[in-house]
Amino acid sequence: MASTSEVYGDPLVHPQYEEYWGNVNPIGPRGVYDEAKRFLEAITMAYHTFHKVDTRIVRIFNTYGPRMRVEDGRVLPAFFSQAILGQGLTVFGDGSQTRSFCYVDDLVEGIYRLLLSDYDQPVNVGNPDEITILQFAEEILALVNNPDAKVVYKPLPQDDPKIRQPDITKAKEILGWEPKVPRSEGLKRTYEYFKTVVKP
Ligand code: UDP
């Protein structure tokens, strides 16, 4: 079951380890997604426990890489297309909120190892290298190096998690997995892709 770091909501525990139950606003704008994933975890465990179904639950943290949809609304496609087009990089709030971005190849390897394991409890798969969204915008600006592009500030969406970083102790111990691609390298590879799909 492809779960998500969103099950931790706007977390009060940092970094987030699997035993943390999270801080989700059920009726906020993210509630439908978050609670749907939490329910899916609940029902997965129920089928596992009651019906003895062989299950795995991976909690996927922010992931990026080539072939993300340009207009999917996530921060990386937004920033790359804005930087290439020489527009404002729309930083929401003051940009002090953090995320920890995992390169897609690392994520796939982590999920694959979990499938091959016999571990039926949830496992975080993500890269613990945490960064503020403002720093992230600056890294993309430096990489794309378009003098017309700059940071612009927009309102912070309601219930936007302030911090997010996976504790990957379990993935390391149980799966022998940890991310290998540093953000500097992953962003270069991803930029090569966005250059081919976003034309100034
Ligand atoms: N974000 C931003 N500008 C954008 C899109 C997103 O500053 O144009 C911020 C957003 O508020 C959040 C972070 O970037 O704090 C990551 O957002 P994304 O939607 O990519 O993932 P998620 O919030 O699900 O982690």
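The structure under discussion appears in the preceding block.
Please read all numbers here as calculations on a predicted model, not as lab measurements.

About the thresholds
Residues numbered from 1 in each chain as written. Predicted model: local features only at pLDDT ≥ 70, side-chain atom pairs only at ≥ 80, totals over all residues. Heavy atoms only, no water. Core = buried A, V, L, I, M, F, W, Y, C linked by side-chain atoms within 4.5 Å. Buried < 20%, exposed > 50% of the residue type's maximum accessible area, 1.4 Å probe, protein only. Helix = DSSP H or I, 4+ residues; strand = E, 2+ residues; numbered from the N terminus. Contact = heavy atoms within 4.5 Å. Axes fitted to C-alpha atoms, helices over the stretch in contact; angles between N-to-C directions. Parallel < 35°, antiparallel > 145°, perpendicular 65-115°, else oblique. Left-handed = near helix turned anticlockwise from the far one by under 90°. Polar contact = N/O pair within 3.5 Å; in protein donor to acceptor, adjacent residues only side chain to side chain. Near = heavy atom within 4 Å. Areas by Shrake-Rupley, 256 points an atom, 1.4 Å probe, with all protein chains shown as cover. Salt bridge = Lys/Arg side-chain N within 4 Å of Asp/Glu carboxyl O. Phe/Tyr/Trp six-rings, centres within 6.5 Å; stacked < 30°, edge-to-face > 60°. Lys NZ or Arg CZ within 6 Å of the ring centre and 35° of its normal. Pairing = 2+ DSSP bridges.

*Asks:* How should the nonpolar core be read in this particular structure?
*Replies:* One broad trend across soluble globular proteins is that nonpolar side chains are buried collectively. Judged by nonpolar contacts, the single largest core of 25 residues is most densely connected at Leu76, Phe79, Phe80, Leu89, Phe136 and Ile140. Breaking this core down by element, the ones donating at least two residues are helix H2 (75-85), strand S4 (88-92), helix H4 (133-144) and helix H6 (183-197). Per-element tally for this core: the top contributor is H4, with 7 residues. The residues touching Leu76, leaving out its near neighbours within four places in the chain, are Tyr64, Met68, Phe136, Leu187, Thr190 and Phe194.

*Asks:* Is there a simple way to explain the packing of H4 against H6 in this structure?
*Replies:* Helix packing for two helices is described by the angle between their axes and how far apart those axes are. Where H4 contacts H6, the two axes come as close as 11 Å, and the packing angle between them is 55 degrees. Regarding the angle of H4 to H6, the classification is oblique. Both H4 and H6 take part in a crossing whose hand is right-handed. For the pair H4 and H6, the contacting residues are Phe136, Glu139, Leu143 and Val144 in the first and Arg183, Leu187, Lys188 and Tyr191 in the second.

*Asks:* Just checking my understanding: could you explain the environment of Asn25 for this structure?
*Replies:* Residue placement: Asn25 occurs in the loop between strand S1 (2-4) and helix H1 (31-51). Accessibility expressed as a relative area gives 30% for Asn25, which makes it partly exposed. Spatially, the C-alpha atom of Asn25 lies 7.4 Å from that of Gly9, the residues being 16 residues apart in sequence. Residue contacts for Asn25: discarding those within four places in its chain leaves Gly31, Gln158 and Asp159. A polar contact of 2.9 Å, which involves the side chain of Asn25, links it to the side chain of Asp159.

*Asks:* What should I look at first to understand the site of the ligand in this one?
*Replies:* Taken together, 16 residues lie around the ligand, and Thr90, Phe92, Arg99, Asp160 and Arg164 are the ones closest in. In this structure, an oxygen atom belonging to the ligand sits 2.6 Å away from a side-chain N or O atom of Arg164. Computed on the free molecule, the ligand has an accessible area of 520 Å², of which 89% lies beneath the protein chains in the complex. Those elements that provide at least two residues to the shell around the ligand are H2 and S4.

*Asks:* Sorry, what's going on with the pattern of salt bridges here?
*Replies:* Side chains that differ in charge, positive against negative, can pair when their charged atoms come close. The final tally for this structure, using the stated rule, is 16 salt bridges. Two residues, Arg56 and Asp54, come together in a salt bridge whose shortest N-O distance is 3.0 Å. The exposure class of Arg56 is buried, given its relative accessible area of 13%. A relative accessible area of 63% places Asp54 in the exposed class. Through salt bridges with shared partners, one network takes in Glu6, Arg30, Arg99, Asp160 and Arg164.

*Asks:* Hey, could you run me through the packing of aromatic side chains in this one?
*Replies:* Centre-to-centre distance and the angle between the planes together describe a pair of aromatic rings. The final tally for this structure, using the stated rule, is 9 aromatic pairs. Summarising the aromatic geometry, the rings of Phe101 and Phe136 are spaced 4.2 Å apart at their centres and angled 10 degrees between planes, so their arrangement reads as stacked. Of this pair, Phe101 sits in the loop between strand S5 (98-100) and strand S6 (102-103) while Phe136 is found in helix H4, placing the two residues 35 residues apart along the sequence. Pair check on accessibility: Phe101 and Phe136 agree, each one buried. Taken together, the aromatic side chains of Tyr64, Phe79, Phe101, Tyr103 and Phe136 make up a single cluster linked through ring pairs. Between the NZ or CZ atom of Lys195 and the centre of the ring of Tyr191, over which it lies, the distance is 4.6 Å.

*Asks:* Whenever I open this one, the environment of Leu12 confuses me. Can you help?
*Replies:* Looking at the element boundaries, Leu12 is found in the loop between S1 and H1. Setting aside residues up to four positions removed in sequence, Leu12 forms contacts with Tyr20 and Asn23.

*Asks:* Can you walk me through the pairing of S4 in this structure?
*Replies:* The side chains of a regular strand alternate between both faces of the sheet. Taking burial as the measure, the 5 residues of S4 include 4 buried ones, the bulk of the element. Sheet topology places S4 next to strand S9 (residues 150-154); 5 bridges connect them, and they run parallel. The residue bridging Phe92 from the neighbouring strand is Lys154, located in S9.

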